[in-house]
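Spelled out from the first residue to the last, the chains are:
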Amino acid sequence: MAKIGNIEFGDFPLLLAPMEDVSDPPFRAVCKEHGADLMYTEFISSEGLIRDAIKSRKKLDIFDYERPIGIQIFGGDEEAMAMSARIVDATNPDLLDINFGCPVKKVVCKGAGAGVLKDINLMVRLTKAVVNATSLPVTVKTRLGWDDSTKNIEEVAERLQDVGIKALTVHGRTRVQMYKGDADWSLIAKVKENPRIRIPIFGNGDIDSPQKVLEYKNRYGVDGVMIGRAAIGYPWIFREIKHYLNTGELMQAPTIAERLDACRKHLYRSLEWKGQKLGILEMRPHYASYLKGLSHVKEFRTRLVMTENTNELEDIFNDIDIFYAQDLQAISC
């Protein structure tokens, strides 16, 4: 059984990755409903928390139905990370995660996220500062290394465990790779096989089917997996994986009615949390994912992203219901 601090999970927990502009409370709610065991907030700038930036503070919003829930922070300054850890501590999440894996330029250029992979001693100091500043279990998400010549994840795992982290998630790519090529899980397996490692090791990268999860579980021996892009518009991936691990059988894909129901719930939680204008605007990128694979969907998708009125959105959903109720071959996949 995987355990982070005093938080106990099942035999093989499924984690929802912290994704910028995606892993907000509305998205997390639909993923939790469909089986995510542990979720994280979008990553939050330590500098933003200290400056009391509205956007950063808003990302601290968590709800009891999400638990266990972790808040993820990033930064490159020890004092700022420690101060932000104390702010996070006061919001009472279940754990605090440090992002040492985000590869985007605007983060890396500030010496944060995957930028810290260039200086392992700094990574250790930053982690120790956070561990010492909070009473929460601290976890870390990172990558194999900066590039092919610096894949030092085995050393990183040992050193971060030594300063007190309670779990480690490893994305099987370097920063230079960004999200290109295949994730290499062989080094994640080496971390897990290290007799010095006592904390749970979670694998991340290219998890997009129940079959792959079972294969990777058996081949690489990780304690669980973290799922990111595959859950966007498809929260059912969590329940499908669990069903396959338990039975060896694939579940039926969600019906069109189930897709629309999840999409509606996501939308209305967005409206509730963000307000009408922002809730409608930030929901638009999700429609294509929820409706992916449906035949003749372009017209409906265009209408969904053009309207600025909640009542009109509901009318469009009703039109979609009626249209596909008459088209039993609607899912083209």
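This text goes with the structure placed above it.
Draft legend 1. Expanded view of the overall build of the chain. The helix and strand inventory of the chain stands at 14 helices and 11 strands. On C-alpha atoms alone, the chain measures out to a radius of gyration of 20 Å, which is about the 20 Å that the 2.2 N^0.38 rule sets for 333 residues. Counting only C-alpha atoms, the chain reaches 60 × 45 × 35 Å along its principal axes. Residue burial in the chain is summarised as follows: out of 333 residues, 55% are buried. By sequence separation, contacts in the chain at least 24 residues apart represent 69% of the contacts at least 6 residues apart.

Draft legend 2. Spotlight on the packing of helix 11 (residues 256-274) against helix 12 (residues 276-290). Relative orientation of the contacting elements helix 11 and helix 12 amounts to 155°, with a least axis distance of 8 Å. Judged by the inter-axis angle, helix 11 sits roughly antiparallel to helix 12. Note on packing geometry: the crossing formed by helix 11 with helix 12 is right-handed. Across the interface between the two elements, Arg259, Ala262, Cys263, His266, Leu267, Ser270, Leu271 and Lys274 of helix 11 pack against Gln276, Leu278, Gly279, Ile280, Glu282, Met283, His286, Tyr287 and Tyr290 of helix 12. For the contact of helix 11 with helix 12, the residue count by class is nine nonpolar, five polar and three charged.

Draft legend 3. A look at the pattern of salt bridges. As enumerated under the stated definition, the model contains 24 salt bridges in all. Between Asp52 and Arg57 there is a salt bridge, with the nearest N and O atoms lying 2.7 Å from each other. For Asp52, a relative accessible area of 46% corresponds to the partly exposed category. Overlapping salt bridges bring together Asp24, Lys274 and Glu282 as one network.

Draft legend 4. Fine view of the packing of aromatic side chains. The final tally for this structure, using the stated rule, is 11 aromatic pairs. Considering the side-chain rings of Phe300 and Tyr324, the 6.1 Å spacing of their centres and the 55° angle between planes classify their relative orientation as tilted. With Phe300 in helix 13 (residues 298-306) and Tyr324 in helix 14 (residues 310-325), the pair connects residues that are 24 residues apart, well separated along the chain. The exposure class of Phe300 is buried, given its relative accessible area of 6%. Through pairs of rings, three or more aromatic residues link up here, namely Trp185, Tyr216 and Tyr220. For the cation-ring pair, Arg269 lies above Tyr65, with the distance from its terminal atom to the ring centre recorded as 5.1 Å.

Draft legend 5. Broad picture of the pairing of strand 7 (residues 95-100). Buried residues dominate strand 7, accounting for six of its six residues. Here strand 7 shows a buried face lined by Leu95, Asp97 and Asn99 and a second buried face lined by Leu96, Ile98 and Phe100. Sheet analysis places strand 6 (residues 69-74) next to strand 7, joined by four bridges and oriented parallel. Bridge assignment links Gly70 to a residue of strand 7, and that residue is Leu95. As a crossover connection, the stretch from strand 6 through helix 4 (residues 78-90) into strand 7 is right-handed. With five bridges connecting them, strand 7 and strand 8 (residues 138-143) associate as parallel partners.

Procedures and definitions
- Residues numbered from 1 in each chain as written.
- Predicted model: local features only at pLDDT ≥ 70, side-chain atom pairs only at ≥ 80, totals over all residues.
- Heavy atoms only, no water.
- Helix = DSSP H or I, 4+ residues; strand = E, 2+ residues; numbered from the N terminus.
- Rg over C-alpha atoms; globule rule 2.2 N^0.38 Å.
- Buried < 20%, exposed > 50% of the residue type's maximum accessible area, 1.4 Å probe, protein only.
- Contact = heavy atoms within 4.5 Å.
- Axes fitted to C-alpha atoms, helices over the stretch in contact; angles between N-to-C directions.
- Parallel < 35°, antiparallel > 145°, perpendicular 65-115°, else oblique.
- Left-handed = near helix turned anticlockwise from the far one by under 90°.
- Nonpolar A, V, L, I, M, F, W, Y, C, P; charged D, E, K, R; others polar.
- Salt bridge = Lys/Arg side-chain N within 4 Å of Asp/Glu carboxyl O.
- Phe/Tyr/Trp six-rings, centres within 6.5 Å; stacked < 30°, edge-to-face > 60°.
- Lys NZ or Arg CZ within 6 Å of the ring centre and 35° of its normal.
- Pairing = 2+ DSSP bridges.
- Right-handed = clockwise from strand over helix to strand, strands pointing away.

Shape is all these values report; function is a separate question.
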